[in-house]
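Tertiary structure, described
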Amino acid sequence: MGSVQRAFDTGTRRGDRALANLGDEFRNARLQLGLSQEEVARAARLDRAIISRVERARLSSLSVRNACRIAAVLGLDIAIKPYPGGAPIRDIAQAPALQLLVREIGPPLTVRSEVALPHRDGFPDQRAWDLMIYGHGERTGVEFERRLYDIQAQLRRYNLKRRDDPVGHFLLVIANTRANRRVANEFSDLLTDLPRHRTATILGMLRAGQHPPTGLILLDATGASSQGGM
């Protein structure tokens, strides 16, 4: 099953569960207030059938606005806030820079994309390495960033993966753009644990079947890189 389909199915399950929980909360609040479905519907300016279907989790979709209207009628409030809960879909396998990197990997090294982290507390971990390089009894975890936007948050994400799935080597591949070079130079003090390597050196090591040292490189689809200091 592809990562896109997995994310779609996960989102569907979470949505169904959220609608069921919301319906239960609305029904319990309505009964405690002694209100009929008709009264709630009238106050929320909705059809009574919608209220009935919401309470029974039979409504396939419920707009945030209507949910907030029903909640307000029942003396409830709804807070909606996204938070990290899994690996996003970023079409990593199709990233030209990573395609080039994969083509440079020589035997005995092998590579796989979207390698899930180990289970946690008996449950599957939703996170995955963009690439994992295997060989010589060692592993190199590879993460790819098209854009550096919140470098502290991005570093936290890498470090959590390295904590929960320790690898012998970690390589951060950053798209070689003017904006990324500017951010990397500006926040070089935050990247002391990920030294900048010459792209040509890392690609040469991979061609020779050697794991790269932990660090980062700037790479574009042609293999060109910015070799200056950070």
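The structure we're discussing is the one just above.
Quick notes on the rules
- Residues numbered from 1 in each chain as written.
- Predicted model: local features only at pLDDT ≥ 70, side-chain atom pairs only at ≥ 80, totals over all residues.
- Heavy atoms only, no water.
- Core = buried A, V, L, I, M, F, W, Y, C linked by side-chain atoms within 4.5 Å.
- Buried < 20%, exposed > 50% of the residue type's maximum accessible area, 1.4 Å probe, protein only.
- Helix = DSSP H or I, 4+ residues; strand = E, 2+ residues; numbered from the N terminus.
- Contact = heavy atoms within 4.5 Å.
- Arc of directions from axis to C-beta.
- Phe/Tyr/Trp six-rings, centres within 6.5 Å; stacked < 30°, edge-to-face > 60°.

In this structure, Leu98, Leu101, Val142, Phe144, Val173, Leu206 and Leu219 are the most contacted members of the largest nonpolar core, which totals 19 residues. When residues of this core are traced back to their parent elements, those giving at least two are α5 (96-104), β2 (128-135), β3 (138-145), β4 (169-175), α8 (199-207) and β5 (215-219). Element by element, the count of residues in this core is highest for α5, at 4 residues. The contact partners of leucine 101, leaving out residues within four places of it in the chain, are Leu131, Val142, Val173, Leu203, Leu206 and Leu219.

Take the environment of leucine 35 next. Inspection of the secondary structure assignment puts leucine 35 in the loop between α1 (3-33) and α2 (37-44). Taking the relative accessible area as the measure of exposure, leucine 35 reaches 25% and is therefore partly exposed. Sequence separation between leucine 35 and leucine 74 is 39 residues; the distance between their C-alpha atoms is 8.9 Å. Discounting chain neighbours no more than four positions away, the residues touching leucine 35 are Arg30, Val40 and Leu74.

Below, the discussion takes up helix α4 (residues 64-73). Of the residues making up α4, those classed as buried are Asn66, Ala67, Ile70 and Ala71. Summarising the axial view, the buried residues of α4 lie within an arc of 135 degrees, below the 170-degree limit, and thus occupy one face. Counted as exposed and oriented over 90 degrees from the buried face of α4: Arg65 and Ala72. Positive phi appears at glycine 75, one or two residues downstream of α4, with a value of about 75 degrees.

On to the packing of aromatic side chains, then. Inspection of every chain in the model, using the stated rule, returns 2 aromatic pairs. Considering the side-chain rings of tryptophan 129 and phenylalanine 170, the 6.0 Å spacing of their centres and the 55 degrees angle between planes classify their relative orientation as tilted. Remark: phenylalanine 170 occurs in strand β4 and tryptophan 129 occurs in strand β2; sequence separation between them is 41 residues. Between the aromatic rings of tyrosine 158 and phenylalanine 170, the centroid separation amounts to 5.8 Å while the plane-to-plane angle is 40 degrees, which identifies the pairing as tilted. Of the two residues, tyrosine 158 sits in helix α6 (residues 151-164) while phenylalanine 170 sits in strand β4, which places them 12 residues apart along the sequence.

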